[in-house]
Amino acid sequence: MKHDNAAVLLSVHDVKVAYGGIQAVKGISFEVHAGELVSLIGANGAGKTTTLKALTGLLTAGSGDIRLHGVSIRGQGAWDLARQGLVMVPEGRGIFARMTITENLLMGAFTRRDDEVEVDMERVFGLFPRLKERCSQLGGTLSGGEQQMLAIGRALMARPQVLLLDEPSMGLAPLMVDKIFEVVADIHRQGVTVLLVEQNARRALQLASRAYVMESGE
Ligand code: ATP
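An account of the accompanying structure is given in this report. (Residues numbered from 1 in each chain as written. Predicted model: local features only at pLDDT ≥ 70, side-chain atom pairs only at ≥ 80, totals over all residues. Heavy atoms only, no water.)

**Side note on the overall build of the chain**
Okay, so step 1: When helices and strands are tallied, the chain shows eight helices and nine strands.
Okay, so step 2: In terms of its C-alpha atoms, the chain occupies a principal-axis envelope of roughly 45 × 40 × 40 Å.
Okay, so step 3: Counting every position in the chain, which comprises 218 residues, the buried fraction comes to 49%.
Okay, so step 4: Taking the intrachain contacts of the chain between residues at least 6 apart in sequence as the baseline, contacts between residues at least 24 apart amount to 72%.
Okay, so step 5: Treating the 23 positive side-chain charges of the chain as one cloud and the 24 negative ones as another, the clouds have centres 2 Å apart. (Helix = DSSP H or I, 4+ residues; strand = E, 2+ residues; numbered from the N terminus. Buried < 20%, exposed > 50% of the residue type's maximum accessible area, 1.4 Å probe, protein only. Contact = heavy atoms within 4.5 Å. Lys, Arg positive; Asp, Glu negative; His and termini not counted. Charge placed at Lys NZ, Arg CZ, Asp CG, Glu CD.)

**Description of empty space enclosed by the protein**
Okay, so step 1: Within the structure shown, the criterion is met by one cavity of 30 Å³ or more.
Okay, so step 2: There is about 40 Å³ of room inside the largest cavity. (1 Å grid on protein atoms, 1.4 Å probe; cavity = no way out; pocket = protein on both sides within 12 Å on 5 of 7 lines; lining within 4 Å. Points joined across faces, edges and corners; volume = space filled by probe spheres on them.)

**What about the packing of helix 3 (residues 101-108) against helix 6 (residues 144-156)?**
Okay, so step 1: For the pair helix 3 and helix 6, the least separation of the axes is 7 Å and the interaxial angle reads 35 degrees. By crossing handedness, the relation of helix 3 to helix 6 is classed as right-handed. Each of I101, N104, L105 and G108 in helix 3 lies in contact with helix 6, whose residues at this interface are L150, G153 and R154.
Okay, so step 2: Residue composition of the contact of helix 3 with helix 6, grouped by class: three nonpolar, three polar and one charged. (Axes fitted to C-alpha atoms, helices over the stretch in contact; angles between N-to-C directions. Left-handed = near helix turned anticlockwise from the far one by under 90°. Nonpolar A, V, L, I, M, F, W, Y, C, P; charged D, E, K, R; others polar.)

**Some details on the sheet that holds strand 6 (residues 86-89)**
Sheets are built from strands that pair by backbone hydrogen bonding, the pairs being arranged parallel or antiparallel.
Okay, so step 1: As summarised here, the arrangement of the five strands in space is 6-7-8-3-9, forming an open sheet in which the pairing is parallel. On the outer flanks of this sheet lie strand 6 and strand 9 (210-214), each paired with one strand and no other. Between one strand axis and the next, the sheet turns by 20 degrees as a mean value, whatever way the strands run.
Okay, so step 2: Across five bridges, the pairing between strand 3 (residues 37-42) and strand 9 is parallel. Bridge pairing links G42 to M214 in strand 9.
Okay, so step 3: Contacts from helix 6 reach strand 6 and strand 7 (162-166) within the one sheet, and its direction differs from that of strand 6 by about 175 degrees. (Pairing = 2+ DSSP bridges.)

**Considering the nonpolar core**
Okay, so step 1: Within the largest apolar cluster, 39 residues are counted, with the highest numbers of intra-cluster contacts made by L105, F128, I152, L163, L165 and I187.
Okay, so step 2: Counting only elements with at least two residues in this core, the list comes to strand 3, strand 6, helix 3, helix 4 (117-127), helix 6, strand 7, helix 7 (174-189) and strand 8 (193-198).
Okay, so step 3: Sort the elements by how many residues they give to this core and helix 7 lands first, with seven residues.
Okay, so step 4: When neighbours within four sequence positions are excluded, L163 is seen to be in contact with V87, V89, A155, L156, I187, V192, T193, V194 and L195. (Core = buried A, V, L, I, M, F, W, Y, C linked by side-chain atoms within 4.5 Å.)

**As for the site of the ligand**
Okay, so step 1: Around the ligand, the surrounding shell holds 13 residues, and the nearest of these are N44, G45, T49, T50 and E167.
Okay, so step 2: Between the ligand and the protein, one listed contact pairs an oxygen atom with a side-chain N or O atom of T49 at 2.7 Å.
Okay, so step 3: Contact with the protein chains covers 62% of the free accessible surface of the ligand, which is 630 Å².
Okay, so step 4: With three residues, helix 1 (residues 48-55) is the single largest residue contributor to the shell around the ligand.
Okay, so step 5: Residues that form the shell around the ligand fall into these classes: four nonpolar, six polar and three charged. (Near = heavy atom within 4 Å. Polar contact = N/O pair within 3.5 Å; in protein donor to acceptor, adjacent residues only side chain to side chain. Areas by Shrake-Rupley, 256 points an atom, 1.4 Å probe, with all protein chains shown as cover.)

**Digging into the layout of surface pockets**
Okay, so step 1: Its boundaries defined by the atoms lining it, the largest pocket holds a volume of some 510 Å³.
Okay, so step 2: Considering the residues around the largest pocket, the lining is formed by 19 residues, among which A82, V87, M88, M107 and R154 are closest to the centre.
Okay, so step 3: At the level of secondary structure, the elements contributing two or more residues to the lining of the largest pocket comprise helix 2 (78-83), strand 6, helix 3 and helix 6.
Okay, so step 4: For the lining of the largest pocket, a count of residues per class yields 14 nonpolar, four polar and one charged.

Here it is as structure tokens:
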């Protein structure tokens, strides 16, 4: 199988996450290998978003272990994890409405200290010519699909080790859904490791090297 020789980039072992007394994630384990596109599918409320938040430090896992390149990262804050390359495209996009497209993209590179930010901005504009045409337009005035492109572009600006996508197709018109899945496939072909959370199981499985199914936090 394709992933046998690849390094384990991200491993999650018996992770549990609770909101107060409510156990939303009940001890899940999975792995993402370098270069893979892995999908996490499941119905509304299964615990997919909670899992991504635990991976990015927005929530703290109550128990279990999360490793990046074999090093335990559980309990680290969101800032440190973003710098280490765990970068999420959140459900609902989280665009900065009063900033331009260019400024939103620069925010994605906020943690970087190298001098290749402009090169990466051109790469993002290559993936999304529509963002380049509108680079001075305010984020809040973009269509849903354009905002999704911008959210993905902003995450790429952080040079993710693993790009974590939370339901990128949600709420978009069918043509835009096609476009977003095409772009996710392109990004993966360019060598980015992807963890794709989706309710749209059929489409997610078409792209994925492997997939995990979540049901009621398991
Ligand atoms: P969706 O596709 O709707 O985002 P999901 O699989 O991502 O679903 P989660 O959002 O992770 O599911 O939710 C998992 C469980 O945790 C649900 O039962 C949900 O009601 C609960 N939950 C989520 N956020 C909170 C919160 N802030 N406080 C309390 N319970 C929460």
